[in-house]
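# Chains, contacts and geometry: an overview
So the chains spell out like this:
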Amino acid sequence: MNKSVNTIRTLAIEAIENANSGHPGICMGAAPMIYSLYNHQMKINPKNSDWINRDRFVLSAGHGSAMLYSILHLSGYNISIDDLKNFRQLDSITPGHPESFLTDGVDVSTGPLGQGIAMAVGMAMSERFLASKLNEPNYNIIDHFTYVLCGDGDLMEGVSYEACSIAGKMKLNKLILLHDSNKISLDGDLSISFNENLKIRFESMNWNYICVLDGEDVDAIDAAIYSAKSSDKPTIIEVKTIIGYGANKKVGTNKVHGAPLGKEELEYAKNSYGLNQDAFSVEKEVYEDFNKNVVKKGKNANEIWDSKLEEYKTKYPQKYLLYQQIIASKFKDIIMESYSKDVASRVASHEAINQIAKQDELFIGGSADLSSSNNTTINTDSKFIIDDDQQRNIYFGVRELAMGAIINGMAVHSKINVFASTFMVFSDYLKPAIRLSALMKLGNTFVFTHDSVAVGEDGPTHQPIEQIAMFRAMPNLNLIRPADANETIAAWHIAYMSNETPTVLSLTRQKLPILTSGNMKDIINDVEHGAYQIYGDDKFDTVLIASGSEVNLAIQVAIILQKKGMKISVVSMPSQELFNQMTKEYQLSIIPENCIVYAIELLSTFGWERYTKKTENIFGLNDFGMSGSAKMILDKLDYTPEKIAQKILKG
């Protein structure tokens, strides 16, 4: 056992030294914990790493990636010694922080501290939800734990507090958090910035608290985990460790946190571990230890489960179909119906959500204490976990960042479609989680309402300006800002069917007139193209592009200009990202090169110049809003059909 633990340490610090970059301290101090998890506790099958009923592991302290890669290699995942040698190198599968889309055995991308804990909460929520949908007596198709290894930094981040708070409220007893409590941060002793009593803090959030005084005592760590497994609450196990354990001058200091040990300290550490051998060497008995306790044990557990699944398939055929949906490579196809009423797009979104919910019983989501304002309630269901584990309305409370990270965890756990919602201006709070969603190639939907200064009396703190430009700058993210109810229904269809790209829906508080009609499939096709002519002349020399609530405004402007003899095309552009993916031929059919182009959007002007070519041709905002009725604000901003038309006529 000691040799296996020390081999994890040695492989990690050698990889870091070879790269001349990385974080050796956690790898040296936390190795007994990760050994206990993989070798003694976790139900995993490295030869079938996507097994749905495996235990999940999240290295929330993602800077300890070298330790994770080392134990994944030893456990038989598809990571070789050469991969360890290529740690942090270009095009390797062992990058500086763990990436779920890149490395076998990595369940979730981590690095931004705290988010790993929140994503683990989401995984535990998915486990609870899917178990309630699938399990039958003697057939626990979904029955596993979610483990997290975190550091002091994770617990200082606000997102971890938000997530742990909701986990305690929901009594997610299959969530176990191991805290690498070494009392050292990058800047020095932890006491300079953090001195909370974690026992009191977590018990106040309805968690079970256990302390292991000696982080080198694998038996004590095992005993703590066994105890946690029998709790009716989530559990935090604070494990007192020594950062840089085994080093000489740097042990127990911040100097070992984020820089290679150096040759002298490396050799000293290897000697102290009793492993003074060639770099990247692993003794046969270490491989045998992991082969016996991880590979063979995991294969056996998987085979027993497979046998049960075959019986389940025959006994519960309808539920087996649901199981197949969960493990499918793409989301379930759905049919959307048009909604020909003048309503706010947030209201049309509510209609779309409920159309989807009727067709997909695994469709789930919620709001950050704004469900009645965001219109995100699934009408047929009550409160998830609070009323019943099968219910599909998640009440996240005012925890925006945790909400975003939690739905990432829910989606990465298994193939279910999840959404989250708040006001557009508060998207700032959960932007880091949306970024990770895009990075991990998840199909989540983020619903943001109250999407312009037309929010009105709530004033500039509640009126988004720059947020949409921020999302449009993010890779692998589609932002859709629909112009009416039908475009909103179409946008939801696109968002729901998106497997590897998250979607931001930008929706209005104010009522919008119906601008589209006809077959819903045709409307979906138009929105899928990102932009299309919604009004105007067959032959034109001027293009007015608009999105969302401003499309109707652009049409009114066009009518005025047509009366003045101008040939106009009004283009609804619900999604710049989707339009930019179209062929050049299609793009030029919508925005010909020989036309004068204007853009109208009641938000930041940033980015529209790629279509208008001239910044003066953009009608938008480059300042914060103001408090007053929507009509008064628009009048003051000269955002009326007459005033915009007048400016265009003046050239």
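The structure contained in this document is the topic of the report that follows. (Residues numbered from 1 in each chain as written. Predicted model: local features only at pLDDT ≥ 70, side-chain atom pairs only at ≥ 80, totals over all residues. Heavy atoms only, no water.)

## Topic: the overall build of the chain
Note the threshold: Helix numbering and strand numbering both begin at the N terminus, where a helix is a DSSP run of H or I of at least 4 residues and a strand a DSSP run of E of at least 2. The size measure is the radius of gyration over C-alpha atoms, and the globule rule it meets is 2.2 Å times the number of residues to the 0.38 power. Each residue is assigned to one of three classes by its accessible area relative to the maximum for its type, calculated with a 1.4 Å probe on protein chains only: buried under 20%, partly exposed between the two thresholds, exposed over 50%. Between two residues, a contact is recorded if the distance between any of their heavy atoms is within 4.5 Å. Reported accessibility uses the Shrake-Rupley method at a 1.4 Å probe radius. Residues are deemed covered only where the shown protein chains occlude them.
Counting its secondary structure elements, the chain contains 26 helices and 20 strands. Over its C-alpha atoms the chain spans a radius of gyration of 27 Å, differing by no more than 12% from the 26 Å that the globule rule assigns to 651 residues. Projected onto its principal axes, the C-alpha coordinates of the chain cover approximately 90 × 60 × 45 Å. Looking at the 651 residues of the chain, the share that counts as buried comes to 61%. The long-range fraction of contacts in the chain, counting pairs at least 24 apart against all pairs at least 6 apart in sequence, stands at 78%. Here the chain displays about 25,100 Å² of accessible surface, and carbon together with sulfur accounts for 48% of that area.

## Describing the pairing of strand E19 (residues 596-604)
Rule in force here: Only strands that DSSP links by at least two bridges are regarded as paired with each other.
The buried count for E19 comes to 8 of 9 residues, which makes it a mostly enclosed element. The pairing of strand E17 (residues 542-546) with E19 spans 5 bridges and is classified as parallel. Its bridge partner lying in E19, Ala-546 is registered against Ile-600. Here 3 bridges tie E19 to strand E20 (residues 618-621), and the two strands are oriented parallel to one another. Bridge pairing in E20 places Ala-599 opposite Ile-618.

## Notes on the layout of surface pockets
Selection criterion: Points on a 1 Å grid, built from protein atoms alone, make a cavity when a 1.4 Å probe fits but cannot get out and make a pocket when they are open with protein on both sides within 12 Å along at least 5 of 7 lines; residues with an atom within 4 Å of a point are the lining residues. Grid points are joined across faces, edges and corners, and a volume is the space filled by probe spheres set on the points. The residue classification treats Ala, Val, Leu, Ile, Met, Phe, Trp, Tyr, Cys and Pro as nonpolar and Asp, Glu, Lys and Arg as charged. All others, Gly included, are polar.
Reported here for the largest pocket is a volume of approximately 810 Å³. As for the largest pocket, its lining consists of 31 residues, of which Asp-50, Ser-100, Ala-411, Val-412 and Lys-415 are closest to the centre. For the lining of the largest pocket, the leading source of residues is helix H16 (residues 400-413), giving 3 residues. Split into classes, the residues belonging to the lining of the largest pocket amount to 13 nonpolar, 10 polar and 8 charged.

## Observations regarding a nonpolar patch on the surface
Rules: Only residues whose relative accessible area exceeds 30% and that form no salt bridge enter a patch; like-charged residues are grouped when within 9 Å of one another, and nonpolar side chains (Val, Leu, Ile, Met, Phe, Trp, Tyr) when within 5 Å. Every case where a carboxyl oxygen of Asp or Glu lies within 4 Å of a side-chain nitrogen of Lys or Arg is listed as a salt bridge.
There is a patch of nonpolar side chains on the surface, built from Phe-101, Leu-102 and Leu-439 and spanning about 230 Å² of accessible area. Accessibility expressed as a relative area gives 37% for Phe-101, which makes it partly exposed.

## Some remarks on the pairing of E17
Here is the key point about a regular strand: its side chains alternate between the two faces of the sheet. Stated precisely, the cut-off is as follows: By convention, a crossover is right-handed whenever its connection, traced from the first strand over the helix to the second and viewed with the strands pointing away, goes clockwise.
Among the 5 residues in E17, 5 count as buried, and that is most of the element. The side-chain alternation of E17 yields two buried faces, one formed by Thr-542, Leu-544 and Ala-546 and the other by Val-543 and Ile-545. By the bridge criterion, 5 bridges tie E17 to strand E18 (residues 568-572) in an arrangement that is parallel. Its bridge partner lying in E18, Ile-545 is registered against Val-571. What joins E17 to E18 is helix H21 (residues 550-563), and the crossover it makes is right-handed.

## Here's the deal with the sheet that holds E17
As a reminder, the rule being used: Axes here refer to lines fitted to C-alpha atoms; in helices the fit is confined to the stretch in contact. Angles between the N-to-C directions go from 0 to 180 degrees.
Ordered in space as E16-E18-E17-E19-E20, the 5 strands form an open sheet in which the pairing is mixed. Every other strand in the sheet has two partners, leaving strand E16 (532-536) and E20 as the edge strands with one partner each. Neighbour-to-neighbour, the strand axes of this sheet turn through a mean angle of 20 degrees, independent of strand direction. Where H21 meets the sheet, it contacts E16, E17, E18 and E19, and its direction lies at approximately 180 degrees from that of E18.

## Side note on the sheet that holds strand E7 (residues 235-240)
Within a sheet, each strand pairs with its neighbour through backbone hydrogen bonds, oriented either parallel or antiparallel. As summarised here, the arrangement of the 5 strands in space is E1-E2-E3-E7-E6, forming an open sheet in which the pairing is parallel. Both edges of this open sheet fall to strand E1 (56-59) and strand E6 (208-212), since each of them pairs with a single strand only. When strand polarity is set aside, the average angle formed by the axes of neighbouring strands in this sheet is 15 degrees. One ladder, built from 6 bridges, connects strand E3 (residues 175-181) with E7; its direction is parallel. Bridging from a neighbouring strand, Leu-178 pairs with Ile-237 of E7. Where helix H6 (residues 115-134) meets the sheet, it contacts E1, strand E2 (146-151) and E3, and its direction lies at approximately 170 degrees from that of E2.

## Examining the environment of Tyr-496
Residue position: Tyr-496 is located in helix H19 (residues 485-497). We classify Tyr-496 as buried; its relative accessible area is 0%. Each C-alpha atom, one on Tyr-496 and one on Pro-95, is 31 Å from the other, the two residues being 401 residues apart in sequence. The residues touching Tyr-496, leaving out its near neighbours within four places in the chain, are Phe-331, Lys-332, Ile-334, Ile-356, Asp-360, Phe-363 and Asn-417.

## What to know about the side chain of Ser-92
Among the structural elements, Ser-92 can be located in the loop between helix H5 (81-85) and H6. Beyond its immediate chain neighbours, meaning those up to four positions away, Ser-92 contacts Asn-86 and Leu-102.

## What about empty space enclosed by the protein?
In this structure the tally under the stated criterion is 4 cavities of 30 Å³ or more. Tyr-38, Met-42, Ile-44, Ser-49, Arg-54, Asp-55, Phe-57, Tyr-77, Gly-105 and Asp-107 together form the lining of the largest cavity. Taken together, the residues of the lining of the largest cavity break down into 5 nonpolar, 2 polar and 3 charged.

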